[in-house]
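Each chain, written out:
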Amino acid sequence: MQGIECSFRHAYIQRQALLDTGMNQRKATEVFHEWAEKGKDAGMERGHAPSVDVMLNLLLEGIDKPFSAIDIGCGNGWVVRKFAEHPLCDNASGIDGAVAMVEKAREIDPNGTYCLGQLPEWSPEQPVDLIHSMECLYYLKQPIDFLRNIHDNWMKSGGKMVIGMDHYKENPESHDWPQSLNVHMTTLSIDTWVKGLEDAGFEDVKAIQTGAKEGWNGTLVLSAIKPHRP
Ligand SMILES: C[S@@+](CC[C@H](N)C(=O)[O-])C[C@H]1O[C@@H](n2cnc3c(N)ncnc32)[C@H](O)[C@@H]1O
């Protein structure tokens, strides 16, 4: 009896340790590496395209001089290639931590700039004018801290950022994704994201939800500007 009790207790302690450390969860970049190998990046591109259209319109409206841009969590690089098509785009690059995603991006577009890197550690050599990120930042453990990093180290003054996310507190349909994918996701409210951007130093912070329908509250799209400092 004592042996059974002991092994139950051992299993319980092991499970708690895994839950406490999150060691039973997979890294998002490993999961998306597999998705790229299975060709699931193309479906993701199709699924995200309507929201990304809205995001790029917001980001590019009023642009009248040459710009540089980065797509954070670029997947197979499709948004980087959209940037590159813009007549005023000087330089477009993407960064992703999934090996097969970056390999695929480089295969599709051998002249493009696609960096393999882990966030939040990776940062660009030069700050850029425009930042785009679709369905990536909530995979980070401390996404709000990362917003300050982007503001301080990734962007030029006067630069603009647009972030899109389907997993957030006000979109309950997305709440079981961490369990179903077995990947960490940080579930934040719209107000927390907006305040995080403002606290990081961004101005003109706006939040909209696009593509909402019954049972789906849409993609949360956040836009923000890094102010000019004298
Ligand atoms: C849901 S996919 C979106 C890909 C692309 N933005 C799109 O819309 O098709 C999320 C991407 O973020 C990347 N990602 C997630 N966490 C990351 C991290 N910590 N460092 C680098 N990339 C990460 C994944 O590898 C994946 O390609």
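Residues numbered from 1 in each chain as written. Predicted model: local features only at pLDDT ≥ 70, side-chain atom pairs only at ≥ 80, totals over all residues.

J.: Help me out: how do you make sense of unusual backbone geometry in this one?
T.: Geometrically, the link from Leu119 to Pro120 is a cis peptide bond, its omega value of 10° lying close to zero. The residue Glu135 is not glycine, and still its phi comes out positive at about 55°. With respect to the helices, strands and loops of the structure, Glu135 is situated in the loop between β4 (128-134) and α6 (143-154). The backbone of Asn182 shows a phi angle near 60°, a positive value even though the residue is not glycine. Among the secondary structure elements, Asn182 is positioned in the loop between α7 (177-181) and α8 (190-199). Under the C-beta neighbour-count criterion, Asn182 is labelled exposed, with 11 such atoms within 10 Å. (Helix = DSSP H or I, 4+ residues; strand = E, 2+ residues; numbered from the N terminus. Buried ≥ 20, exposed ≤ 12 C-beta atoms within 10 Å, placed from the backbone.)

J.: For this particular structure, what's the right way to read the site of the ligand?
T.: Taken together, 20 residues lie near the ligand, and Phe32, Gly73, Gly75, Gly97 and Ala98 sit nearest. Broken down by secondary-structure element, the contributors of at least two residues to the shell around the ligand are α2 (28-37) and α3 (40-60). Of the residues belonging to the shell around the ligand, the class tally is 11 nonpolar, six polar and three charged. (Near = placed C-beta within 6 Å. Nonpolar A, V, L, I, M, F, W, Y, C, P; charged D, E, K, R; others polar.)

J.: When you look at the sheet that holds strand β6 (residues 203-210) in this model, what are you seeing that I'm missing?
T.: Neighbouring strands of a sheet are bound in pairs by backbone hydrogen bonds; such pairs are parallel or else antiparallel. Pairing within the open sheet is mixed, and its seven strands lie in the order β3-β2-β1-β4-β5-β7-β6. The sheet is open, and its two borders are formed by β3 (113-116) and β6, each paired with just one other strand. Strand after strand, the sheet turns through a mean of 15° between neighbouring axes, direction not considered. Here six bridges tie β6 to strand β7 (residues 219-225), and the two strands are oriented antiparallel to one another. From the neighbouring strand, Ala207 faces β7, where its bridge partner is Leu222. Strands in contact with helix α4 (residues 78-85) are β1 (67-72), β2 (89-96), β3 and β4; relative to β2, the strand with the most contacts, it is inclined by about 175°. Lying over the sheet, α8 contacts β6 and β7, oriented at roughly 155° with respect to β6. (Pairing = 2+ DSSP bridges. Axes fitted to C-alpha atoms, helices over the stretch in contact; angles between N-to-C directions. Contact = placed C-beta atoms within 7 Å.)

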